[in-house]
Amino acid sequence: MVSDFTAKRIVLIPVDGSKNSSHAIDCATKSLLSPEGDLLVLLHARAMSTFTATLAMKNDEFSKAEYQRSTVLLESLAEILKSNGYHVKAISTVGDARGVIDDQLELLQPDLVVVASHGKGALEKVFAGSVSEHVVRHSNVPVIVIPFN
Amino acid sequence: MTSRKDELDEKPIEVIPLPTTDGRLIVIAIDHSEHADTTIQFALDGFINPNTDKVMLLNVRPSLQNHLYLELGYHHTPHISPENIQKLVQYEGKRSVELLNKKAALFLEKNIKIGAYSLVGDARYALEEKINELHPSCVLVGSRGLGVIQSTILGSVSKYLLHHLNYPVTLVPPKPKSN
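Residues numbered from 1 in each chain as written. Chains lettered and ligands numbered in written order. Predicted model: local features only at pLDDT ≥ 70, side-chain atom pairs only at ≥ 80, totals over all residues. Heavy atoms only, no water.

*Asks:* Would you take a moment to explain the sheet that holds strand β3 (residues 87-94) of chain A for this structure?
*Replies:* Pairing between the strands of a sheet comes from backbone hydrogen bonds, and it takes one of two forms, parallel or antiparallel. Pairing is mixed in the open sheet, where 11 strands are placed in the order β3(A)-β2(A)-β1(A)-β4(A)-β5(A)-β6(B)-β5(B)-β2(B)-β3(B)-β4(B)-β1(B). Only two strands of the sheet have a single neighbouring strand rather than two, namely β3 of chain A together with β1 (13-16) of chain B. Strand-to-strand twist across the sheet, computed as the mean angle between neighbouring axes with direction ignored, equals 20 degrees. In terms of strand pairing, strand β1 (residues 9-15) of chain A meets strand β2 (residues 38-46) of chain A through 7 bridges, oriented parallel. Each residue of the ladder has a partner; that of I10 of chain A, found in β2 of chain A, is L39 of chain A. In this fold helix α4 (residues 97-108) of chain A packs onto β1, β2, β3 and β4 (112-116) of chain A, with an angle of close to 150 degrees to the strand it touches most, β2 of chain A. The strands that helix α1 (residues 34-47) of chain B touches are β1, β4 and β5 (143-146) of chain A together with β2 (25-29), β5 (138-142) and β6 (169-172) of chain B; relative to β5 of chain B, the one it contacts most, it runs at about 140 degrees. (Pairing = 2+ DSSP bridges. Helix = DSSP H or I, 4+ residues; strand = E, 2+ residues; numbered from the N terminus. Axes fitted to C-alpha atoms, helices over the stretch in contact; angles between N-to-C directions. Contact = heavy atoms within 4.5 Å.)

*Asks:* Would you mind showing me how to read the packing of α4 of chain A against helix α6 (residues 130-138) of chain A here?
*Replies:* Two quantities define a packed helix pair, namely the angle between the axes and the distance from one axis to the other. Residue and element names in this part refer to chain A. Following both chains from N to C, one finds α4 and α6 inclined at 30 degrees, their axes separated by 10 Å at the closest point. By the criterion of interaxial angle, the relationship of α4 to α6 is roughly parallel. For α4 against α6, the interelement crossing comes out right-handed. Two secondary-structure elements touch here, α4 through A97, R98, I101 and D102 and α6 through S130, V131, H134, V135 and H138. Looking at the contact of α4 with α6, its residues break down into 4 nonpolar, 3 polar and 2 charged. (Parallel < 35°, antiparallel > 145°, perpendicular 65-115°, else oblique. Left-handed = near helix turned anticlockwise from the far one by under 90°. Nonpolar A, V, L, I, M, F, W, Y, C, P; charged D, E, K, R; others polar.)

Geometric descriptors of this kind do not, in isolation, establish any biological role.
Printed below as a string of structure tokens:
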């Protein structure tokens, strides 16, 4: 993407495709971030092959399906953000969300991270935002945690 | 958790009235630690829009009960004369008000609209209650050490606010110590 845009802040936004995740992005971009100076980096950690998936389909079919899903998710989020004037980059990578986020924190050196307090799935409810808590504990930069109300 | 605010006149003090202008309200919870300065610096360095935002600084001073238990280890209120109790209460009040005024000055010198409140009691509940009244756009806290109990990873007050508030919470980590 060629532009004259110089980001004042790089904002890392892990996404997982859940309603809470899109709500968090919505909330953050409406009142906490600004299109003038922020470069948003969307990050999606897609699943590694699971045991049940290998029973149902071949490994590479699963990977392809996941990659497709990830691309569609990121592109649709990016479209909405760009229509609101934001500069956006997107990263799709394989692995556990926490590890992936740790890696990108080191590589990107963002100025800010935005996470939803809760993601998706029944497990997430039990551990109550395990990804967001992980990010808060391990980040060296400020983390905005958006509630799921 | 019963509030002992009614005893001993330990009431919240409005140190600086919050301007009633429109604009995004950002709450910043501070204590006497250096870490609070890091949080304030983050706010001033670009999170706050000086033209449109207003800031509410909050500090929670321990109630007499908190103070006696945590600082002195008393499980039951020892026999302390009313004069000394008054001195203790006034000392905490003065210390909190001074902190708030000192930090508020950093915002005032940049012409940022600001208010400040000194609250009393358990930091978790006092902050939760006040923040719910204020309906801010966002709450800024240091990720560690806010409040009298110091937790090594995520401060107990920050953690409480993270789990109980229905507002965006920005956790500011401490500055890494330079070697």
